[in-house]
Amino acid sequence: MADNTLQQELETYYRWFHQHPEPSYGEVETTTRIAAILADHGIEILDTGLKTGLVAKVTGQGRQAGTGHVVAVRGDIDALPIVENTGLPYASLNKGYLHGCGHDYNLTVALGAALLLNARREEFAGEVKVIFQPAEEVGATKETPTGAVTVLNTGALDDVEAYFGTHDTNIGEPGEVLISAGPDSGAVDKFRITIHGKGTHAARPNGGASPIRVAAALIEGIQSIAGQDVNPIHPRVVTVTNVEAGNTWNVVPDTAFLQGTARTSYPEDRTVIHDRLQALVQGISAAYGVTGDFTWEFGAPSVINDAEWAALATDTATELGLTVKPSKPTLGGEDFSYYQAQAPGVFIHLGVGNADRPMHGPTFYAKTDAIAAGADLLATVAERALQRLGGDN
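Throughout what follows, the structure given in this document is the object of discussion. Everything quoted here is computed from the prediction, not taken from an experiment.

Structural notes on the overall build of the chain
Consideration 1: If you tally the helices and strands in the chain, you get nine helices and 16 strands.
Consideration 2: Counting across all 393 residues of the chain, residues that qualify as buried make up 53%.
Consideration 3: Accessible surface, the chain: about 16,500 Å² in total, of which carbon and sulfur atoms supply 50%.
Consideration 4: Each charge class in the chain can be summarised by its mean position, and for the 26 positive and 47 negative side chains these summaries are 6 Å apart.

Description of the pattern of salt bridges
Consideration 1: Counted according to the given criterion, the structure contains 16 salt bridges.
Consideration 2: For E173, the salt bridge identified is with K367, shortest N-O distance 4.0 Å. One end of the pair, E173, is in the loop between β5 (163-169) and β6 (176-178); the other, K367, is in the loop between β16 (345-351) and α9 (371-389), with 194 residues separating them in the sequence.
Consideration 3: Given the relative accessible area of 37%, E173 is considered partly exposed.
Consideration 4: Relative accessible area serves as the criterion here: at 30%, K367 is assigned to the partly exposed category.
Consideration 5: Between D189 and R270 there is a salt bridge whose closest N-O contact spans 2.7 Å. One end of the pair, D189, is in strand β8 (residues 187-196); the other, R270, is in helix α6 (residues 267-287), and 81 residues separate them in sequence. Note on accessibility: D189 and R270 belong to one class, buried.
Consideration 6: In the salt-bridge network here, residues are joined through shared partners; they are R74, D76, E334 and D335.

Details of empty space enclosed by the protein
The method is simple in principle: a probe with the dimensions of a water molecule rolls over the atoms, and the space it marks as empty is what remains.
Consideration 1: Throughout the structure, instances matching the rule amount to one cavity of 30 Å³ or more.
Consideration 2: Here the largest cavity is characterised by a volume of approximately 50 Å³.
Consideration 3: For the lining of the largest cavity, the secondary-structure elements that each account for two or more residues are β6, β16 and α9.

Section: the layout of surface pockets
Consideration 1: Of the volumes computed, that of the largest pocket is approximately 1,200 Å³.
Consideration 2: In terms of lining residues, the largest pocket is bounded by 45 residues, among which E136, V188, G332, G333 and E334 are the most central.
Consideration 3: If you list the elements that add at least two residues to the lining of the largest pocket, you get β5, β6, β8, β12 (255-264), β13 (291-298) and β16.
Consideration 4: Classifying every residue of the lining of the largest pocket gives 14 nonpolar, 17 polar and 14 charged.

Topic: the packing of helix α1 (residues 4-19) against helix α3 (residues 103-119)
Consideration 1: At a closest axis distance of 9 Å, the pairing of α1 and α3 adopts a crossing angle of 140 degrees. Viewed along their axes, α1 and α3 form a crossing whose handedness is right-handed. Counting all contacts with α1, which are made through L6, E9, L10, Y13, Y14, F17 and H18, the residues of α3 involved are D104, Y105, L107, T108, L111, G112, L115 and L116.
Consideration 2: Residue composition of the contact of α1 with α3, grouped by class: 10 nonpolar, three polar and two charged.

Some remarks on the environment of V243
Consideration 1: Within the secondary structure, V243 sits in strand β10 (residues 236-245).
Consideration 2: Residues V243 and I193, 50 residues apart in the sequence, show an inter-C-alpha distance of 9.6 Å.
Consideration 3: Setting aside its immediate chain neighbours within four residues, V243 contacts I219, F257 and L258.

Overview of the pairing of strand β2 (residues 54-61)
Consideration 1: Of all the eight residues making up β2, six are buried; the element is thus mostly covered by neighbouring parts of the structure.
Consideration 2: Both strand β1 (residues 44-45) and β2 contribute to a ladder of two bridges, which runs antiparallel. Within the sheet, the bridge partner assigned to I45 lies in β2 and is A56.
Consideration 3: Pairing geometry for β2 and strand β4 (residues 125-133), over eight bridges, is antiparallel. By the bridge assignment, T59 is partnered in β4 with E127.

Definitions and cut-offs
- Residues numbered from 1 in each chain as written.
- Predicted model: local features only at pLDDT ≥ 70, side-chain atom pairs only at ≥ 80, totals over all residues.
- Heavy atoms only, no water.
- Helix = DSSP H or I, 4+ residues; strand = E, 2+ residues; numbered from the N terminus.
- Buried < 20%, exposed > 50% of the residue type's maximum accessible area, 1.4 Å probe, protein only.
- Areas by Shrake-Rupley, 256 points an atom, 1.4 Å probe, with all protein chains shown as cover.
- Lys, Arg positive; Asp, Glu negative; His and termini not counted.
- Charge placed at Lys NZ, Arg CZ, Asp CG, Glu CD.
- Salt bridge = Lys/Arg side-chain N within 4 Å of Asp/Glu carboxyl O.
- 1 Å grid on protein atoms, 1.4 Å probe; cavity = no way out; pocket = protein on both sides within 12 Å on 5 of 7 lines; lining within 4 Å.
- Points joined across faces, edges and corners; volume = space filled by probe spheres on them.
- Nonpolar A, V, L, I, M, F, W, Y, C, P; charged D, E, K, R; others polar.
- Axes fitted to C-alpha atoms, helices over the stretch in contact; angles between N-to-C directions.
- Left-handed = near helix turned anticlockwise from the far one by under 90°.
- Contact = heavy atoms within 4.5 Å.
- Pairing = 2+ DSSP bridges.

The structure is reproduced here in structure tokens:
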């Protein structure tokens, strides 16, 4: 278990990061502060070309199993555009921004892991890359990808064989850890549908082809997909969130537009929902004598925890005196999944209490009682993964 000195050091860092939240791809002060702390401890920072965020490297000097292998640990660093209302003495100094999802906690855990690994260099062999990732919260587009994609595109992680990440959760108390193999988060996909009908006067609906009738039929059909076409025990949801048609009371418009999101935990469900939704648009449009344009934007895939690495993390947490509970799949998005697309890994949830303060809300903050314990867990998992990769079981 990490000592009280590290606990106090990390609490100090955490409070500074909480006071200085910055938006996705705007984490300039945050990156500078992380780099300064790493430099003070003699930890190497890789030249990745990232404008915000960074990747550090700790190389073990031991001679045991693990030599030549590489694993990575990750913490995200961006904040949310929320006005803070926590009442904390170290509340946000950047008005309009708050670490309301706890990335200040996540990055401090990763920072603590880097410090511990650096201090334990003689105790392990191999290499640990420590990712301080920007822009996990960004509304990703092709032009502005999510932060995990940006970091992976630098090539700095091409040799990584396993990934380990942590995220705070308010459904656990400090000292509790939530880990499970299998699906952990939801794939985040968007769909857009435009119905092209034929406008007419409302008193003569037979003179046109109403796109609103089609939109209404589609909405009903879309809701049935999640209930009828997917394994009922799999977490999933398909939600229409925006509908637009017409601009007056007595004219049937030419077009109607609707969009929404599909969230799935299992890759096969993602495919089923995409294909069924596309067929629904084509079929209903044809039945009503109109045409429909369907577009689907694939977002981050679901986080799926590798069984071997989940077991290693569970055993390690237990041995370190933490209370381990199973995590339950959610349909919220998490771009840690992009790392897992390159190499297997596990996403670990660290309890921070404050269940009455909703995450992504103005009152949320993390209790830091076990922040050093989280750092110790992340560092120890990385060390043991290198040993496992080196053939030492």
